[in-house]
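# Fold and contact review
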Amino acid sequence: MNIEHENTIRALSGKELLATNQWWCAFGIHIWVRWSKPYQSTRGLYTYVEQYRTCGCCGKAQRKLLAKS
């Protein structure tokens, strides 16, 4: 989903809009959206519980590992 679609959804739901300027992203300063709900996945013998978030401007994603069993 691109930033224009995200801002349209946010505007319709009454949330604050994301910035559309990618200039700061070039310097590593990102506008992060909230972490997703914990997501459980199985890879090989391990089960992972993870969360994801993305930058509202450039789409860069981060992953946070909550548990590995």
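Turning to the sheet that holds strand 2 (residues 46-54), a few remarks are in order. The three strands are arranged 1-2-3 in an open sheet whose pairing can be described as antiparallel. Strand pairing shows two members of the sheet lacking a second neighbour, strand 1 (39-43) and strand 3 (61-68), which therefore form its edges. Within the sheet, the average angular offset between the axes of one strand and its neighbour, ignoring direction, is 40°. Strand direction decides the pairing type here: strand 1 and strand 2, joined by five bridges, are antiparallel. Looking across to strand 2, one finds that arginine 43 is bridged to tyrosine 46.

Moving on: the environment of isoleucine 9. Following the sequence through the fold, isoleucine 9 ends up in helix 1 (residues 3-12). Assessed through its relative accessible area of 45%, isoleucine 9 is described here as partly exposed. Isoleucine 9 sits 58 residues away from alanine 67 along the chain, and the two C-alpha atoms are 32 Å apart.

The rules we used
- Residues numbered from 1 in each chain as written.
- Predicted model: local features only at pLDDT ≥ 70, side-chain atom pairs only at ≥ 80, totals over all residues.
- Heavy atoms only, no water.
- Pairing = 2+ DSSP bridges.
- Helix = DSSP H or I, 4+ residues; strand = E, 2+ residues; numbered from the N terminus.
- Axes fitted to C-alpha atoms, helices over the stretch in contact; angles between N-to-C directions.
- Buried < 20%, exposed > 50% of the residue type's maximum accessible area, 1.4 Å probe, protein only.

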